[in-house]
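Structure at a glance
Listed below, chain by chain, are the residues.
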Amino acid sequence: MFKTLLLFAFMLLACTLPSILADCPLTLLESGPAASNREIRFGQPHVIPEPDADTLICLFVQGDANFRILRVDSQEDCENNIGDLLYHSGFSLLTSNETYYTRLQQDGNIVTRKTGSNQWVWKTDSSQGEVVESFWLVLNCNDSVSIVNEDGTDIWNSDRDTPEVFNRPLTLMKSFATTGPPRHASFASRVWYDRPIQIRDRLMNTWICLVQQGDGNFRVVRGDDCRNNQGDLVYNTGLVYPLPHNGEKYWTMLQRDGNLVTRREVSKKWAWTTCSGQGPDVHQVFELVLTANDTLAIVDMNGVVIWESNQDEACFAEPNKMIGA
């Protein structure tokens, strides 16, 4: 009997000793309106000391909206992005005139949004619906990251995270809501013939190019040489016509009413449109984005999709027919 009890005690100690010594999981973020560590804002990294270690866990949001978790030796290393990378959201926007923050919400979702806006740019897709309770983002003993609920159940884990769940729109163009100098210098509102726009897709480690051809066709191409219209075709408008009116060229513009339109350069007559205009009195900042499914979408300031490329057939009665000329 004594030997049996001794064996049981030894087995119990063997199971609990590693977690006691490791002091993990380590809480990184906590949801709830009263929690002081529920969100990370650009320029304000959050540093957490690791128990019984000389290292720190650093959480911060980069200027390109990438949410990152690192193991660092000091606060200075955290601010300079120097350390061992434990996790990053894989989402990047090439922009310098907007800032972002990442928050653990009370529905269990971690979301990165634009500062001063409700529009999200990345999330873990771990929402538990209408549930409002406490959730924690924790660092596990194996250096994976999890979101756990009040029962300790793992509802999301970085080891199971894949690019397919990033739901990350990559901004390609922005309309200008006001006249005068552009407020979004990092993004164009217009693509001219012979002046393609190239945008880095850091998640896929490649380039996205917006190309306006001389025959009126507007194309979005992915590839390392996409400025020369070489690569994998993401989208094209289907217009292939000889240049009318003595060689007049075209440009494509994301308008302030939410419409993406291809027009003749001189006459300004339109040759193709997404039919997504929200009315003559609407003047907003709309975005043309590349979705996680490699479709194009036009979204408004609240992230509402008003047009998507895989649903645009109804805009024209006959495919590949130039209208509005």
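Residues numbered from 1 in each chain as written. Predicted model: local features only at pLDDT ≥ 70, side-chain atom pairs only at ≥ 80, totals over all residues. Heavy atoms only, no water.

1. Topic: the pairing of strand S19 (residues 250-254)
- Counted residue by residue, S19 has 4 buried out of 5 residues, so it is predominantly covered.
- Here 5 bridges tie S19 to strand S20 (residues 260-264), and the two strands are oriented antiparallel to one another. By the bridge assignment, Tyr-250 is partnered in S20 with Arg-264.
- Hairpin remark: S19 followed by S20, antiparallel, with 5 residues in the connecting loop; positive phi at Gly-258, about 95°. (Buried < 20%, exposed > 50% of the residue type's maximum accessible area, 1.4 Å probe, protein only. Helix = DSSP H or I, 4+ residues; strand = E, 2+ residues; numbered from the N terminus. Pairing = 2+ DSSP bridges.)

2. Comments concerning the environment of Asp-159
- As for its placement among the helices and strands, Asp-159 is situated in the loop between strand S12 (154-157) and strand S13 (170-174).
- Relative accessible area serves as the criterion here: at 57%, Asp-159 is assigned to the exposed category.
- As for Asp-159 and Ser-144, which are separated by 15 residues in sequence, their C-alpha atoms are 6.3 Å apart.
- Not counting residues within four places of it along the chain, the set of residues in contact with Asp-159 comprises Asn-142 and Ser-144. (Contact = heavy atoms within 4.5 Å.)

3. A few points about the confidence of the model for the protein
- Mean pLDDT over the protein: 77, with 77% of residues reaching 70 or higher.
- This model gives residues 1-22 a pLDDT under 50, and the stretch forms 2 contacts once residues within four places in sequence are excluded. (pLDDT = per-residue confidence, 0-100.)

4. Describing the packing of aromatic side chains
- Inspection of the entire model under this criterion finds 4 aromatic pairs.
- Here Tyr-87 and Trp-156 contribute two aromatic rings whose centre-to-centre distance is 5.7 Å and whose plane-to-plane angle is 85°, an arrangement assigned as edge-to-face. Note that Tyr-87 is positioned in strand S6 (residues 84-88) and Trp-156 in strand S12, a separation of 69 residues in sequence.
- Tyr-87 sits in the buried class, given a relative accessible area of 8%. (Phe/Tyr/Trp six-rings, centres within 6.5 Å; stacked < 30°, edge-to-face > 60°.)

5. Concerning the sheet that holds strand S11 (residues 145-148)
- Read across the open sheet, the 4 strands follow the order S1-S10-S11-S12; overall the sheet is antiparallel. If you trace the sheet from one side to the other, it starts and ends with strand S1 (26-30) and S12, each paired once. Within the sheet, the average angular offset between the axes of one strand and its neighbour, ignoring direction, is 30°.
- Inspection of the sheet shows S11 paired to S12 by 3 bridges, in the antiparallel sense. Along S12, the bridge assignment pairs Ser-146 with Asn-157. (Axes fitted to C-alpha atoms, helices over the stretch in contact; angles between N-to-C directions.)

6. Details of the sheet that holds strand S24 (residues 305-308)
- With antiparallel pairing, 4 strands are arranged side by side in an open sheet as S13-S22-S23-S24. Across the chains shown, the open sheet's two edge strands, defined by having one partner strand only, are S13 and S24. Within the sheet, the average angular offset between the axes of one strand and its neighbour, ignoring direction, is 30°.
- Pairing of strand S23 (residues 296-299) with S24 involves 3 bridges; the strand directions are antiparallel. Paired with Ala-297 across the strands is Glu-308, a residue of S24.

7. A closer look at the side chain of Thr-252
- Note that Thr-252 resides in strand S19.
- Among the polar contacts listed, one links the side chain of Thr-252 to the side chain of Gln-212, at a separation of 2.4 Å.
- In this structure Thr-252 touches Met-173, Ser-189, Arg-190, Val-191, Gln-212, Phe-218, Leu-260, Val-261 and Thr-262, once residues within four positions along its chain are discounted. (Polar contact = N/O pair within 3.5 Å; in protein donor to acceptor, adjacent residues only side chain to side chain.)

8. Topic: the nonpolar core
- Core analysis: the biggest nonpolar cluster contains 25 residues, and Leu-28, Ile-57, Leu-59, Phe-67, Ile-69, Leu-137 and Ile-147 have the highest contact counts within it.
- The contact partners of Ile-69, leaving out residues within four places of it in the chain, are Leu-28, Ile-57, Cys-58, Leu-59, Asp-84, Leu-85, Leu-86, Tyr-87, Leu-137 and Val-145.
- In this structure, Ile-197, Leu-239, Phe-286 and Leu-296 belong to the second largest nonpolar core, which totals 24 residues. (Core = buried A, V, L, I, M, F, W, Y, C linked by side-chain atoms within 4.5 Å.)

9. Considering the state of the cysteines
- Enumeration over the complete set of coordinates arrives at 2 disulfides.
- Here Cys-58 pairs with Cys-78 through a disulfide, and the sulfurs are 1.9 Å apart. Judged by the torsion about the S-S bond (60°), the Cys-58/Cys-78 disulfide is right-handed. Taken together, the residues Cys-58 in strand S4 (residues 56-61) and Cys-78 in helix H2 (residues 75-79) connect sequence positions 20 residues apart. Of the two residues examined, Cys-58 and Cys-78, each falls in the buried class. (Disulfide = S-S within 2.5 Å.)

10. Points about the pattern of salt bridges
- Under the defined criterion, the tally for this structure stands at 8 salt bridges.
- Between Arg-71 and Glu-50 there is a salt bridge, with its nearest N and O atoms 2.6 Å apart. With a gap of 21 residues between them, Arg-71 in strand S5 (residues 67-72) and Glu-50 in the loop between strand S3 (46-49) and S4 connect regions that are remote in the sequence. Here Arg-71 matches Glu-50 in class, with each residue buried.
- Taking the shortest distance from any N to any O, the salt bridge between Asp-143 and Arg-71 comes out at 2.9 Å. Taken together, the residues span a long stretch of sequence, with Asp-143 in the loop between strand S10 (136-139) and S11 and Arg-71 in strand S5 at a distance of 72 residues.
- One network of salt bridges, in which partners are shared, links Glu-39, Arg-41 and Arg-103. (Salt bridge = Lys/Arg side-chain N within 4 Å of Asp/Glu carboxyl O.)

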